[in-house]
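# Inside the fold
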Amino acid sequence: MLTSPYATVRQDASPSIGVLESGTMPGPLLYSTNPFLKFYLQETYYGGVHYVWCSESFDSTVLDRYTAGANVPPSSNPADLLRLLGDAVRRKDMHDQKIQAQKASYLSLAVEGERSGKITGQALEDITYRVTNASLDDWRPLLYIIPRTPLGVRVKAVPASQCAGLGPEFIVTDLQRPEFDVIEPPRA
Amino acid sequence: MSLSLHVLKTLADYSDAERADLLAKASSFFLPKPDLQTEPEAPSPVLVDLMGELASRAKVDPTDTSPPARAAILQVLVSELSQLLLAQSRVATVRARLGDRGELPPKQYRVAFDPSFDTATKRGIRRAHVEDALQSPDSVQHLPEGENPIEPRVSLYARRIADGKNASDPYVFLVHCRRAGDLQHVVTAWRVYLSDIRLKDDRNKPLDVLAAFLDVYGIEFTVRGFDTPRRLIASERFVVVPGEPDSELFRFESKGIAFEANQTVQRTSDAVEVALAYAVNVTRYLDDLRKHGVEISDAYWKSNTVRLGIAQSRVTPQKSEGTTG
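Please read all numbers here as calculations on a predicted model, not as lab measurements.

### Some words on the overall build of chain A
Along chain A, the regular secondary structure elements total six helices and six strands. Its helices and strands taken in sequence order, chain A reads α-α-β-α-β-α-α-α-β-β-β-β from the N to the C terminus. In chain A, buried positions account for 40% of the 188 residues. For chain A, the share of sequence-separated contacts (at least 6 apart) that also reach a separation of at least 24 residues comes to 70%.

Printed below as a string of structure tokens:
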């Protein structure tokens, strides 16, 4: 059985929140916002295996304040990420903080992947080109909707020390394409 | 993006591979680590020096952990790392490789016009319209798709035009290109009025639009040696008798009807690989275009290919593609 992710939050963050969360059912869906470029790279070069950082709610700002999910901060809240990334694309801001962090992450993962034999040297070159020459369109945000139950213990709670706030956050390191839906929000 | 002209001093004594590894490791100290179950290890002395130098290059205080400072440092790091991972001398090769697979963003393809495109200009298609569609398509489909091994490559771009005078009579601007590396050769383009065709559903790809267009305006043809008449062939290989001439590979059931035929094909020793082949009954199509207010140049009917109703395949053997307009 999946260990309650709230336990981590309760112990590390605030006992008062923990009491309120005792016995809370995990949500049936997980939500994750990712740039199109990440989706494309994982589909093309990583065998369609997706690494996602996700949340139990789409928008923590509209949750009841006594739920742990309401403590997910904007930097990890799928709805906020959707807005932030969408705004960066609309502003044509290629120097956006999120975009720079994503670029560094994709390149360093590609280096590790090539060293470990997960991807080829040619793929490392291709990824480098696509990341450093990404178009604004490549950064458009996609929302992943992930049914949680079939994933079982593959859903791992992010340690509180690595969470951006007090709310629960999760990762799935080996999500397969049939296991989630992708929604591309209409562009303004 | 800032470009460094000098190797980072901290990394001067390392190989390129070691520099890339160290920069990748350094990036982890600026990024969240969701799968880290224990406290992160302290950075090694060389990483401390490297992060300090990256901060210096970014002109930020190394102790500044604010998001803008982090973003500035990461920008320098990405620039340094990308130069190590992809030498300038390799860029054209990589770009061509990605382009050939249809994996470049639309704006990164170069554009050239095949001679066959002249026929489209006489139907009122302008180069500027094509360039706009190629830069900002609503949808693009690169063929062949998946594991299909055929050699010739085509791309179909679709852009819905529904503004201004077309608001009440929208059409899809469909552009047929043959693709070679990062170069798109424009073969032809079509205005496909949505009121004239029947699309199967709301999730149409450009090839679906072309198929629906040919349901109305296509004429049937056969590949030599194959009896089944077709209106559209996309990404298929036909085995043929080795040594047979390339002429009349396709037989069109035109019965005196004027048509435009477009084929992007490649001949191998024993087969014809068809990236895209179709023919359009232009008498019917142009009649309908006039109903939509499109003016057709008189020069159109003087075009040899159309007047004679003959499509001559220019098929080149092995590793190159031919088209006819």
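### Structural notes on helix 8 (residues 282-291) of chain B
Residue and element names in this part refer to chain B. Turning to helix 8, its buried residues number three or more, namely Val 282, Tyr 285, Leu 286 and Leu 289. With its buried residues spanning 95 degrees around the axis, helix 8 presents them on a single face. The outward face of helix 8, more than 90 degrees from its buried face, is lined by the exposed residues Asp 287 and Lys 291. Following helix 8 by one or two positions, Gly 293 has its phi on the positive side, about 85 degrees.

### Comments concerning the interface of chain B and chain A
Each side of the interface is counted separately: chain B has 34 residues, and chain A has 29 residues. Listed by contribution, the elements that provide at least two residues to the side of chain B that touches chain A are helix 1 (16-28), helix 3 (67-85) and helix 4 (91-100) of chain B. Tallying contributions element by element places helix 3 of chain B first for the side of chain B that touches chain A, with 11 residues. Here the residues of the side of chain B that touches chain A are counted per class, giving 20 nonpolar, six polar and eight charged.

### Description of the sheet that holds strand 6 (residues 181-183) of chain A
Residue and element names in this part refer to chain A. Strands sit in the order 1-3-6 across an open sheet of three strands; the sheet is antiparallel. Because the sheet does not close on itself, it has two edges, and the strands there are strand 1 (29-35) and strand 6. Strand-to-strand twist across the sheet, computed as the mean angle between neighbouring axes with direction ignored, equals 25 degrees. In the sheet, strand 3 (residues 141-147) pairs with strand 6 via three bridges, with the strands oriented antiparallel. Following the sheet pairing, Ile 145 is matched in strand 6 by Asp 181. Sitting on the sheet, helix 3 (residues 36-45) touches strand 1, strand 3 and strand 6, and the angle it makes with strand 1 is about 100 degrees.

### So, the packing of helix 5 (residues 97-115) of chain A against helix 1 of chain B
It is the contact of helix 5 of chain A with helix 1 of chain B, at a shortest axis distance of 9 Å, that shows an interaxial angle of 130 degrees. When the interaxial angle is binned, helix 5 of chain A and helix 1 of chain B end up oblique. For the crossing formed where helix 5 of chain A meets helix 1 of chain B, the hand is left-handed. Here Ala 104, Ser 108, Val 111 and Glu 112 of chain A of helix 5 of chain A lie close against helix 1 of chain B, whose contacting residues are Ala 20, Asp 21, Ala 24, Ser 27 and Ser 28 of chain B. For the contact of helix 5 of chain A with helix 1 of chain B, the class distribution of residues is four nonpolar, three polar and two charged.

Conventions we followed
- Residues numbered from 1 in each chain as written.
- Chains lettered and ligands numbered in written order.
- Predicted model: local features only at pLDDT ≥ 70, side-chain atom pairs only at ≥ 80, totals over all residues.
- Helix = DSSP H or I, 4+ residues; strand = E, 2+ residues; numbered from the N terminus.
- Buried ≥ 20, exposed ≤ 12 C-beta atoms within 10 Å, placed from the backbone.
- Contact = placed C-beta atoms within 7 Å.
- Arc of directions from axis to C-beta.
- Nonpolar A, V, L, I, M, F, W, Y, C, P; charged D, E, K, R; others polar.
- Pairing = 2+ DSSP bridges.
- Axes fitted to C-alpha atoms, helices over the stretch in contact; angles between N-to-C directions.
- Parallel < 35°, antiparallel > 145°, perpendicular 65-115°, else oblique.
- Left-handed = near helix turned anticlockwise from the far one by under 90°.

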